[in-house]
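Chain by chain, the residues run as shown.
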Amino acid sequence: MASNKQNNITVSDVEKLLEKYFEATTTIAEEEQLKIYFSQAEVAPHLEEYKPIFNYFAVAKEEKSTHNIPLKPRKNKTYLKWISVAAVAAIFFGIFIAKQSSPEVSPTLALEEHYTPEEIRSAQLAMALFTDNFQKGTQGATYLKEFEKNTNRFLNN
């Protein structure tokens, strides 16, 4: 394996660093070594294919957006509330229809006839996860509303 004297890093070292890089276990210093190596004019022929990856990062680092981002508040602030109301209504409607279609059979018995206990527990866990994440999402919407209110207060002054 050839050695790169400008950088004091051998091609075998670069290959090891590439393996670590693609496994997402490199340090920032090791990634910097890769960037420096691949920014050179001469790179080992079998490593040429990786050169655009690291050159992209150097170019992207220099890019700056000149697009203006408007900070005007939205006119419809209650759309998240209505989405959650619609979701709850749809769930209750589905439960109501399910009960109307088979009133003589207990829902638990119907489930046990078609699914194993492990599948039922898995579905229950999935629903619990869904409700937890739904609750976190609605809490996040509250934080966004407070942020928007404070931002508007500063923008209007």
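Residues numbered from 1 in each chain as written. Predicted model: local features only at pLDDT ≥ 70, side-chain atom pairs only at ≥ 80, totals over all residues. Heavy atoms only, no water.

**Some points on the nonpolar core**
Now for step 1: Counting 13 residues, the largest nonpolar core has V14, L18, L34, Y37, F38, L47 and F54 as its most contacted members.
Now for step 2: Within the residue set of this core, elements represented by two or more residues are α1 (11-22) and α2 (28-38).
Now for step 3: Examining the composition of this core, we find that 5 residues originate from one element, α1, more than from any other.
Now for step 4: The contact partners of L18, leaving out residues within four places of it in the chain, are L34, F38, L47, Y50 and F54. (Core = buried A, V, L, I, M, F, W, Y, C linked by side-chain atoms within 4.5 Å. Buried < 20%, exposed > 50% of the residue type's maximum accessible area, 1.4 Å probe, protein only. Helix = DSSP H or I, 4+ residues; strand = E, 2+ residues; numbered from the N terminus. Contact = heavy atoms within 4.5 Å.)

**Some words on α2**
Now for step 1: Regarding α2, the residues found buried are E30, L34, Y37 and F38. The buried residues of α2 occupy an angular sector of 90° when the element is viewed end-on, so they sit on one face. Among the exposed residues of α2, those oriented more than 90 degrees off its buried face are I28 and A29. (Arc of directions from axis to C-beta.)

**Notes on the packing of aromatic side chains**
Now for step 1: Across all of its chains, the model carries 3 aromatic pairs by this definition.
Now for step 2: Note on Y37 and F38: the rings are 5.1 Å apart at their centroids and 85° apart in plane angle, and the pair reads as edge-to-face.
Now for step 3: Aromatic ring contacts, followed pair by pair, group Y21, F22 and Y50 into a single cluster. (Phe/Tyr/Trp six-rings, centres within 6.5 Å; stacked < 30°, edge-to-face > 60°.)

**A few points about the side chain of E30**
Now for step 1: For E30, the position within the fold is in helix α2.
Now for step 2: Since its relative accessible area comes to 17%, E30 is described here as buried.
Now for step 3: Excluding residues within four positions of it along the chain, E30 makes contact with L17, K20 and T25.

**What about α1?**
Now for step 1: Compared with the 16 Å implied by 1.5 Å per residue over 12 residues, the 16 Å span of α1 between its first and last C-alpha is a close match.
Now for step 2: Taken residue by residue, α1 has V11, V14, L17, L18 and Y21 as its buried positions. Across the axial projection of α1, the buried residues extend over an arc of 115°, all falling on one side. The exposed set on the far side of α1, more than 90 degrees from its buried face, consists of K16 and E19.
Now for step 3: The first or second residue beyond α1 is A24, which carries a positive phi of 60°. (Expected span 1.5 Å × (residues − 1).)

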